[in-house]
Amino acid sequence: MRAVITAIFSLTFFYFTTQVQAQPNQKSGWPVVEQQMKPWTRWWWMGNAVDEGNINEVLTKYQTAGIGGVEITPIYGAVGFEKRYIDFLSPKWMDMLQYTVQRSKTLGMGVDMNTGTGWPFGGPLVKPENAATKLIVQEYELKSGERLTTRIQVKEANQAAAILQAVTAYGSNEAVVDLSDKVDAGGSLNWTAGTGNWKIYAAFAGKTQQQVKRAAPGGKGLTMDHLDRNSVTGYLKRFDEAFNRKSQGVRAFFNDSYEVYGANWTPTLFDEFQKRRGYDLKMHLRKLVEKDSSSTEVARLKSDYRETMSELLLSNFTQNWTDWAHQYQSMTKNQSHGSPGNLLDLYGAVDIPETETFGSSKFPIPGLRRDEADVRNVDPDPMMSKFASSAAHTGGKKLVSSETFTWLTEHFKTAYSQCKPEVEQLFLAGVNHVFYHGATNSPKDAVWPGWLFYASVEFNPSNSLWPHIVGINEYITRCQSVLQSGQADNEILIYWPVYEVWSQAKGMDVAVKVHNIDEWLHPTAFYKLSKKLSKSGYSFDFASDALLSNTKIRDGLLSTHPQSSPYKVLVIPECTMISLSTLQNAVRFAENGATVIFQQLPADVPGLHELESRRSELKKILAGLAFSDAGNGVKEFKIGKGSVLLSADVEKALMYKSLQRESLTDTGLQFIRRSFKGGKYYYVVNHTANEIDANVALNEKGSITIMDPQSGRIGLAPTNYQAGVSKVRLQLQAGEALILKITEQEPVNLPHWGYLDKPGEKLVLNNSWSLKFSAGGPELPEDQKLDHLVSWTELPDLKLQNFSGTAVYSSNFNLPEKSAKNYVLNLNQVNESAKVWINGKEVGILWSLPFKARIGEYLKVGNNTIRIEVLNLMANRIRYMDLKKIQWRNYHEINFVDINYQPFDAAAWKVMPSGLTGPVTISVYN
């Protein structure tokens, strides 16, 4: 019955999460906004110290600011507030969850929930036998005729739950003997060594002893064994009991990145390996535990072991957990990275695949701040995020989420202008459902800056930038309203050769992490090809062996899922090893009408089982590919309705098949496409150092509407269609983005897009400014009169160096005439966000570079007034508090650390520039 109910729910739920299309708002031209189109935030409940009044107040502020939902993650608490703590999943905690869900529904928001506290999954009910497991191997030596006098018992401390699973003897004459049944219950080995010298390996299923990190009250305990189905099912029973087996109204259950350290085993692994790989791993114990071997046989063995771990994690945890969530009419949202498995399959098994960014990226955008202290060992890489988006795109899933802005900068130094290119990079990688990392729930009586989590960007109401957060939220909402529409529109499917990652002799399990992409991703031909194709203007998704095994060919296209856009080409990058089934599928695809491109023919098959027979079959298949020279470095083998191409330069093979790239990338622009009924969207970003003003070609015919996601402006663009492409003029400042909507029918009642041509004189606003501080602390400074604009921290009043908050600049200027087509206000240098009024009318929030706005409609001939509200960072006030030794952070567990995970102290920081430094100008375009 459970399987039937789950299947029915899955089908019903799948329909609603993949088929709902964002309908256009007839008045604005933008899609109608749904809650999931707005940015959401991770919401840490410190100590679970929440109450209804607190929850209502915070949710209301979030909703007013344009946040679409919260993801509850309970963590450790603040010192001194222990009496307010609530145990996780207790009746009182469940009351708080239900209140949150109900209040969020009233506010038009959604609620996700971590299936645990802190990370990874585990807690007080996880028994040692169900806890994360590691392989412990002990070695013994015997000579001919000797018997082992010591008992075979685990020597490592605190391993009472360890189970002896195998004993294997290796003789100097290459003999291998399984002695597992020769050991009695007390650990005595009943065996006499034969001729020669012998090494005995005893394998125990031991425990990692890992506790849940950053656990909340009621959540402390051992990490569970993710590879064991019974352990996972047993862990989830705690939720069944708390939920009374009824839906709680939670939209999605969440799992953080797989940070289960050293868990390279599970008690069933020997049996599962035999069943899945076809041979006995116990007879290969010695090779399995070799650490630094360069042996290809060891690499093959470990590849089989890693593939088995991947399959166990997929079936026993990911799919099991997802089936469980579907019983409660909820989805799953999973960060698969960090797992010892095939990321594409693990991401693909959940409803919402989630990637993450960690640290900051280098962008050449002029004026964009990136402090040296914020640079991590590896920058966030969009190709890493494409593993999550590819799983969604190929699996017909509507949403791809991201844990966003984790450690983007040091605490209290994150400006919205730094967030913008980072989130745009995620959008370009296919992410369309942003989760801020994040917001900490804080009670009214917590001293400023309130309760804070140690690795977040503090998107909290106490942040001095909070009054302008609606600016970035509206930008993200507009972008996501488009990026959640229709389907991803990528023409190429690129096979990920996972066996290149697994077939390494070093180590045991291979954790595929965000933090070590320089080891498993960057050196590969797969990565280099993907980067090259992206730069050339091709769009693609990644495919696993399992995905290809279920791919169908329809009308010469590769269909990975009924709800996914089909792909025109399968590309298999240079790789040493490929599974026999994948090679067979590739040839079958071509025979049925598809185009398959090999960058280089694979040389071998992975693994050990029946190696020679599989090698023989591989060679037979390859020998049957009778290529002929197609010219320009391309070889072709025609088979059935399609063909197999071979070219070291994949782009030449793509051109041979007339697969057109998007040439707009030649300008430095980046893009991602979405298709919808009757047209396509292009999301286009300028992350170069220069303004781009160019006529660009698009591989789509139709009427083109330009949409500005930052201001909301929209207009029809003149379009010239010739030689199979549409030509449209684009103007983008460095750091700007535009959305192009191409439709078969021209929209009605839309204005024409206003280009900025024929620049005239520039008006410099050099009258004096009055400066008034309206909100913030530690105290409000006195009003100031400025002859020219400078950082307020450079003014004589030393109190200004400590201030974080809101200040308002006021001035006036004279406009002799108003005859130009466009007038553009340029604030130039803003530290850090500005809101502008001209003649008492609100222009908008300028929260990011280039801090410009079109203002013609607000101007009048003669005297004009201008008012600019500017918010600075929290950093200067925090610096002041640490200099004065004012206590503001005192938490259990890790307390509060800096970006290098050292105890936080801002006392030695330099004062951060603050306010409007300009110059403020108005550019005229005739």
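Everything quoted here is computed from the prediction, not taken from an experiment.

Peer 1: Before we go on, may I ask you to explain the overall build of the protein in this structure?
Peer 2: Helices and strands together make up the secondary structure of the protein, namely 19 helices and 44 strands. Relative to the 2.2 N^0.38 estimate, which gives 29 Å for 926 residues, the radius of gyration of the protein is 30 Å and therefore close to what a compact globule would have. In terms of principal-axis extent, the alpha carbons of the protein reach across some 105 × 75 × 50 Å. Within the span of the protein, comprising 926 residues, buried residues form 61% of the whole. Partitioning the intrachain contacts of the protein with sequence separation of at least 6 by distance along the chain shows that 79% fall at a separation of at least 24. Between the centroid of the 98 positive side chains of the protein and the centroid of its 95 negative side chains there is a distance of 3 Å.

Peer 1: Just checking my understanding: could you explain the packing of helix α10 (residues 416–428) against helix α11 (residues 469–483) for this structure?
Peer 2: Each pair of packed helices gets described by two things: the angle between the helix axes and the distance between those axes. In the contact formed by α10 and α11, the axes pass within 11 Å of each other and the chain directions differ by 10 degrees. Taken as axis vectors, α10 and α11 run roughly parallel relative to one another. Here α10 contributes Y416, C419, K420, V423, E424 and F427 to the contact with α11, which in turn contributes I469, I472, Y475, I476, C479, Q480 and L483. Taken together, the residues of the contact of α10 with α11 break down into ten nonpolar, one polar and two charged.

Peer 1: For this particular structure, what's the right way to read the side chain of N54?
Peer 2: In this fold, N54 is placed in helix α2 (residues 52–65). Non-local contacts of N54, meaning those with residues more than four positions away in its chain, are made with A49, N441, S442 and P443.

Peer 1: Would you take a moment to explain the environment of S539 for this structure?
Peer 2: Turning to its location among the elements, S539 is positioned in the loop between α14 (525–536) and β17 (540–543). Taking the relative accessible area as the measure of exposure, S539 reaches 7% and is therefore buried. Once the C-alpha coordinates of S539 and N895 are considered, the two residues, 356 residues apart in sequence, prove to be 44 Å apart. With near-sequence residues (within four places) excluded, S539 lies in contact with D489, N490, E491, I492, F671 and R673.

Peer 1: Any chance you could explain the pattern of salt bridges here in plain terms?
Peer 2: Pairing of side chains with opposite charge becomes possible as their charged atoms draw close. According to the stated counting rule, one finds 45 salt bridges in the structure shown. K282 serves as the salt-bridge partner of D280, at 3.4 Å between the closest nitrogen and oxygen. On the accessibility criterion, K282 (16% relative accessible area) is buried. Note that R369 and D371 form a salt bridge whose closest N and O atoms lie 3.9 Å from each other. For R369, a relative accessible area of 23% puts it in the partly exposed group. In this structure D371 comes out as partly exposed when scored by relative accessible area, which is 22%. Because the salt bridges share partners, they merge into one network encompassing R42, E71, D112, R251, D256, K333, E354 and E403.

Peer 1: How should the packing of aromatic side chains be read in this particular structure?
Peer 2: Within the structure shown, the criterion is met by 58 aromatic pairs. Ring centres of W191 and W198 lie 5.3 Å apart, and the angle between their planes is 80 degrees; on these two criteria the pair is classed as edge-to-face. Assessed through its relative accessible area of 13%, W191 is described here as buried. The buried category is assigned to W198, whose relative accessible area is 7%. Each ring, one from Y416 and one from F459, has its centre 6.1 Å from the other, and the planes form 70 degrees; the classification is edge-to-face.

Peer 1: Explain the sheet that holds strand β40 (residues 841–846) to me, please; I cannot follow it from the model alone.
Peer 2: Hydrogen bonds between backbone groups are what pair the strands of a sheet, and the pairing can be parallel or antiparallel. Read from one edge of the open sheet, six strands run β35-β34-β36-β42-β39-β40, paired in antiparallel fashion. Edge strands, defined here as strands with exactly one partner in the open sheet, are β35 (784–786) and β40. With strand direction ignored, the average angle separating the axes of adjacent strands in the sheet is 25 degrees.

Peer 1: How should I be thinking about the confidence of the model for the protein in this particular structure?
Peer 2: Close inspection of predicted coordinates is inappropriate for parts of the model with low pLDDT. Model confidence for the protein is summarised by a mean pLDDT of 95, while 97% of its residues fall at 70 or above. Note on residues 1–21: pLDDT under 50 across the span, and 31 contacts to partners over four residues away in sequence or across chains.

Peer 1: Is there a simple way to think about the pairing of β40 in this case?
Peer 2: The side chains of a regular strand alternate, residue by residue, between the two faces of the sheet. In the sheet, strand β39 (residues 833–838) pairs with β40 via five bridges, with the strands oriented antiparallel. Of the residues in β40, the one forming a bridge with K835 is I845. Hairpin connection from β39 to β40: two residues lie between these consecutive antiparallel strands, with N839 at a positive phi of about 55 degrees.

Peer 1: Sorry if this is basic, but what is going on with the side chain of T133 here?
Peer 2: Along the chain, T133 turns up in strand β5 (residues 133–142). For T133, the side chain forms a polar contact with the main-chain oxygen of A131, separated by 2.9 Å. Of the polar contacts made by the side chain of T133, one reaches the side chain of D225; its length is 3.4 Å. Not counting residues within four places of it along the chain, the set of residues in contact with T133 comprises A205, G206, K207, T208, D225, G262, A263, N264, W265, T266 and P267.

Peer 1: Hey, could you run me through unusual backbone geometry in this one?
Peer 2: Peptide bonds are mostly trans, and most non-glycine residues show a negative phi. With omega at -10 degrees, the peptide bond leading from W119 into P120 counts as cis. Tracing the backbone through its elements, the reader meets P120 in the loop between β3 (110–114) and β4 (122–123). At Q209, a residue that is not glycine, the phi angle is positive and equals roughly 70 degrees. In the Ramachandran plot, E610 falls in the positive-phi region, its phi being about 45 degrees despite a non-glycine side chain.

Peer 1: Would you explain the nonpolar core in this entry?
Peer 2: Note on soluble globular proteins: their nonpolar side chains tend to be buried together. Of all hydrophobic cores here, the largest spans 138 residues; its most connected members are W93, M113, F412, Y454 and Y683. The element best represented in this core is helix α7 (residues 296–327), accounting for ten residues. Here M113 is in contact with I72, F88, L89, W93, L97, F239, F243, V250, A252, F253 and F254, once residues within four sequence places are set aside. The next biggest cluster of nonpolar side chains, apart from the first, holds 74 residues, and it includes L343, V431, F542 and I621.

So, how was this worked out
- Residues numbered from 1 in each chain as written.
- Predicted model: local features only at pLDDT ≥ 70, side-chain atom pairs only at ≥ 80, totals over all residues.
- Heavy atoms only, no water.
- Helix = DSSP H or I, 4+ residues; strand = E, 2+ residues; numbered from the N terminus.
- Rg over C-alpha atoms; globule rule 2.2 N^0.38 Å.
- Buried < 20%, exposed > 50% of the residue type's maximum accessible area, 1.4 Å probe, protein only.
- Contact = heavy atoms within 4.5 Å.
- Lys, Arg positive; Asp, Glu negative; His and termini not counted.
- Charge placed at Lys NZ, Arg CZ, Asp CG, Glu CD.
- Axes fitted to C-alpha atoms, helices over the stretch in contact; angles between N-to-C directions.
- Parallel < 35°, antiparallel > 145°, perpendicular 65-115°, else oblique.
- Nonpolar A, V, L, I, M, F, W, Y, C, P; charged D, E, K, R; others polar.
- Salt bridge = Lys/Arg side-chain N within 4 Å of Asp/Glu carboxyl O.
- Phe/Tyr/Trp six-rings, centres within 6.5 Å; stacked < 30°, edge-to-face > 60°.
- Pairing = 2+ DSSP bridges.
- pLDDT = per-residue confidence, 0-100.
- Polar contact = N/O pair within 3.5 Å; in protein donor to acceptor, adjacent residues only side chain to side chain.
- Core = buried A, V, L, I, M, F, W, Y, C linked by side-chain atoms within 4.5 Å.

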